[in-house]
Amino acid sequence: MTSQQRTHEVLSDIIDSVNAQLDKHGVTYDEYRAGLDWLIRLGHAGEWPLFADVFFEHTVEAVNATGPGSTIEGPYYVAGAPWLERPYVLPQRDDEAGDVLILSGTVLSAEGSPVPGAVLDLWQADADCLYSNVHDGPPAFNLRGRMTADGNGRFEVRTIVPPSYHLPRGGPVEELLNAAGWHDWRPGHLHFMVSAEGYESLTTQLYFEGDRYLESDIASAVKPELILSLRKHDDPAELSERGLSRPFYSTSHEFRLTPAG
Ligand code: MBD
Ligand code: FE
C-alpha cells in the first residue's frame, strides 16, 4: 500500500466516524461553532499534545505494544536529561515536597536474563503536578534524569513518591473536562524510557497501590502489571544508615525488554 492509499483509508474512516456522531447527536450550528472555536484555542494554548495523549495515545500504544509492561509516553518527555552518578538520586530541590521513595529494580530480557548497562530515562511531576522544562516553577531538569543499570541489570534510585496527578488547569483541555463534567486526574506515576543495544526501547509508567485514580485514569494508561506496592520504612537505624531524617518508602520493579526486530 502506498502512503497515499494508507492516508486515504485511515482519514476516510476518521472523517466518516466524526460525521456519523454529528448526525447521531443532531449537533447544532452553535455547538459546531463552539467546537471549532475550542479547537482553535487548543492550538493557541499549545495543548494539542496534552489533548491527544490523554484521549488517543492509549489506542496507538495498544496497537503497537510488543508485549506487556508498556504504556503511553504522555506529553512531557524532554530529551537530554542529566546523567546521574551512583548512588542515583533524581535531581530535586533541597526541600522537594513529598515522601522519599527508593525504587530499585532490574532490566531483563524477554527470557528473563539481565540486561547489563541498560539505560533508564526517568521523569516525573513534582508534588504540585508540575513538570520541569515544561511548566513554570520547577528548576531545569528537576525530577528528570538518566542512569544505567549495573552489570546484573540492576539499579536503585532515590526520588519522591508522586501523589495523584491532575492535568494542567486553566487551559482549553481543562475547559473541555469541566464542560463534560469529567475529572482531571491521573494516578501518581513515574515515567520511564528504558533502552539497551539490541532491544526495542520500552516506554512505560509505574503507579502505586492505594492511589484513588488507578481505576479512573483520565488518560486510560494504567495496566495491572505497572501497579507497585510501597513498603514503609521507619526504623531509626535504617533511616540513619540512609542519611534520612524522615520515614521513606521502597518498592521494586522488573522491566522486560523485547529483542529488536
Ligand atoms: C501527564 O503527565 C501524562 O503522563 C499523561 C499521559 C497525560 C497528561 C499528563
Ligand atoms: Fe505524566
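Here's what I pulled together on the structure shown here. If you're wondering where the values come from, they're calculated on a predicted model, not measured in any experiment. (Residues numbered from 1 in each chain as written. Chains lettered and ligands numbered in written order. Predicted model: local features only at pLDDT ≥ 70, side-chain atom pairs only at ≥ 80, totals over all residues. Heavy atoms only, no water.)

**What to know about the overall build of the protein chain**
Cut-off, in case you're wondering: Helix and strand assignments follow DSSP, with helices taken as H or I runs no shorter than four residues and strands as E runs no shorter than two, numbered in order from the N terminus. Working definition: with a 1.4 Å probe on protein chains only, accessible area under 20% of the residue-type maximum means buried, over 50% means exposed, and in between means partly exposed. Computed by Shrake-Rupley with a 1.4 Å probe, the accessible areas treat only the displayed protein chains as cover when residues are assessed. In summary, the charge assignment counts Lys and Arg as positive and Asp and Glu as negative, without counting His or the chain termini. To locate a charge, the coordinates of NZ of Lys, CZ of Arg, CG of Asp or CD of Glu are taken.
Broken down by element type, the protein chain carries 6 helices and 12 strands. For the protein chain, the spread of C-alpha atoms along the principal axes amounts to about 70 × 45 × 30 Å. Across the 261 residues that make up the protein chain, the buried fraction comes to 40%. Just so you have it, the protein chain exposes about 14200 Å², and 52% of that area is on carbon and sulfur atoms. Within the protein chain, the 39 negative side-chain charges are centred at a point lying 3 Å from the centre of the 19 positive side-chain charges.

**Comments concerning empty space enclosed by the protein**
Note the threshold: The distinction between a cavity and a pocket rests on a 1 Å grid over the protein atoms alone: a 1.4 Å probe fits inside a cavity but cannot get out, while a pocket stays open yet meets protein on both sides within 12 Å along at least five of seven lines, and a residue with an atom within 4 Å of a point counts as lining. Grid points are joined across faces, edges and corners, and a volume is the space filled by probe spheres set on the points. Each residue receives one of three labels: charged for Asp, Glu, Lys and Arg, nonpolar for Ala, Val, Leu, Ile, Met, Phe, Trp, Tyr, Cys and Pro, and polar for the others, Gly being one of them.
All told, the structure shown has 2 cavities of 30 Å³ or more when counted by the stated rule. Within this model, the largest cavity holds a volume of roughly 110 Å³. Taken together, 15 residues form the lining of the largest cavity, with G74, P75, Y165, L167 and R186 sitting closest to its centre. Across the lining of the largest cavity, the residue classes tally to 9 nonpolar, 4 polar and 2 charged. Put simply, the second largest cavity is a space of about 50 Å³. Along its surface, the second largest cavity is lined by A125, D126, A127, C129, Y131, P162, P163, S164, Y165, G188 and H189. Here the lining of the second largest cavity is built from residues that sort into 7 nonpolar, 3 polar and 1 charged.

**A word on the sheet that holds strand β3 (residues 119-123)**
For clarity, the threshold we go by: In this scheme, strands are said to pair when DSSP sees at least two bridges between them.
Spatial ordering of the open sheet is given by β4-β3-β8-β9-β10, a layout of 5 strands whose pairing is mixed. At either end of the open sheet lies a strand with only one pairing partner, and these are β4 (144-148) and β10 (227-228). Taken together, the 5 bridges between β3 and strand β8 (residues 190-195) define a ladder with antiparallel strand orientation. Residue pairing across strands places V119 opposite S195, the latter belonging to β8.

**Some points on the site of ligand 1**
In plain terms, the rule: When at least one non-hydrogen atom of a residue lies within 4 Å of a molecule or strand, that residue is treated as near it. Under this definition, polar contacts are N or O atom pairs within 3.5 Å; protein pairs additionally need one hydrogen-donor-capable and one acceptor-capable atom, and for neighbouring residues in sequence, both atoms have to be side-chain atoms. A cavity or pocket is said to hold a molecule if more than half of that molecule's atoms lie within 2 Å of its grid points.
Taken together, L50, V54, I72, G74, P75, Y76, Y131, Y165, L167, R186, H189 and H191 are the residues near ligand 1. R186 is positioned with one of its side-chain polar atoms (N or O) 2.9 Å from an oxygen atom of ligand 1. Counting atoms within 2 Å of the grid points, the majority share of ligand 1 lands in the largest cavity. Grouping the amino acids of the shell around ligand 1 by side-chain chemistry returns 8 nonpolar, 3 polar and 1 charged.

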